[in-house]
Amino acid sequence: MAAMTERKRFQILVCDGPSCGITHESETLVEHIEGRLDKEAALQGRAECAALTCFGRCDEGPNLMIRELAPGEDGSTEPDFDLLYGVRGLYLGVDQAKVDRVLDSHVAKDEAVEAWVESYE
Ligand code: FES
């Protein structure tokens, strides 16, 4: 019998520092993301969402990052920044429509949206 391949799981990080949190209302994006993760079969069990203090790109916010979780890793808390450097999963200046496309592609299908994605430096 072939071994089952474990599905990738992702962490979705949304910055909530004063700039993106207050000025750009990133909390409404978090509520939207969590609602979709709870309700949609293609996304259920696929990702956890957590707040991140700041990506250092506030002028371009609100910003979001998708990173793959290690097996058993908790995706509900802010990770050590060392885990983020070099990860190609940063999306800048997101709105709800952009978030939806990122969820449908990067999270549901493991296909980054190449036109928008950057590496975190
Ligand atoms: S709070 Fe979003 S990049 Fe700084």
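Here is what the cut-offs are and how they apply
- Residues numbered from 1 in each chain as written.
- Predicted model: local features only at pLDDT ≥ 70, side-chain atom pairs only at ≥ 80, totals over all residues.
- Heavy atoms only, no water.
- Pairing = 2+ DSSP bridges.
- Helix = DSSP H or I, 4+ residues; strand = E, 2+ residues; numbered from the N terminus.
- Contact = heavy atoms within 4.5 Å.
- Axes fitted to C-alpha atoms, helices over the stretch in contact; angles between N-to-C directions.
- Buried < 20%, exposed > 50% of the residue type's maximum accessible area, 1.4 Å probe, protein only.
- Expected span 1.5 Å × (residues − 1).
- Salt bridge = Lys/Arg side-chain N within 4 Å of Asp/Glu carboxyl O.

**Quick word on the sheet that holds strand S4 (residues 88-91)**
(1) Moving on: On the basis of which strands lie adjacent, the open sheet formed by 5 strands has the order S2-S1-S3-S4-S5 and mixed pairing. At either margin of the open sheet sits one strand with a lone partner, and together these are strand S2 (47-52) and strand S5 (118-119).
(2) Moving on: Strand direction decides the pairing type here: S4 and S5, joined by 2 bridges, are antiparallel. Of the residues in S5, the one forming a bridge with Arg88 is Ser119.
(3) Moving on: In the packing of helix H3 (residues 96-109) onto the sheet, contacts are made with strand S1 (10-15), S2, strand S3 (64-68) and S4, and the angle to S3 comes to roughly 10 degrees.

**Details of the side chain of Ser105**
(1) Moving on: Secondary-structure assignment places Ser105 in helix H3.
(2) Moving on: On the basis of relative accessible area, Ser105 is assigned to the buried category, the value being 14%.
(3) Moving on: Excluding anything up to four places from it in sequence, Ser105 contacts Asp110, Glu111, Ala112 and Val113.

**Some words on helix H2 (residues 26-39)**
(1) Moving on: Its 14 residues give H2 an end-to-end C-alpha distance of 20 Å, which sits within 8% of 20 Å, the value for a rise of 1.5 Å per residue.
(2) Moving on: Looking at the buried residues of H2, the elements they touch are S1, helix H1 (18-23), S2, S3 and H3.

**Some points on the pattern of salt bridges**
(1) Moving on: Applying the stated criterion to the full structure yields 10 salt bridges.
(2) Moving on: Of the charged contacts, one joins Arg36 and Asp104 as a salt bridge, the two residues approaching to 2.5 Å between their closest N and O atoms. You can see Arg36 sitting in helix H2 and its partner Asp104 sitting in helix H3, a full 68 residues away along the chain.
(3) Moving on: Notably, a salt bridge pairs Glu73 with Arg67, separated by 2.5 Å at the nearest N-O pair.
(4) Moving on: The class of Glu73 is partly exposed, set by a relative accessible area of 22%.
(5) Moving on: Each of the salt bridges in this network shares a partner with another, and the network as a whole consists of Arg36, Glu40, Asp100 and Asp104.

Shape is all these values report; function is a separate question.
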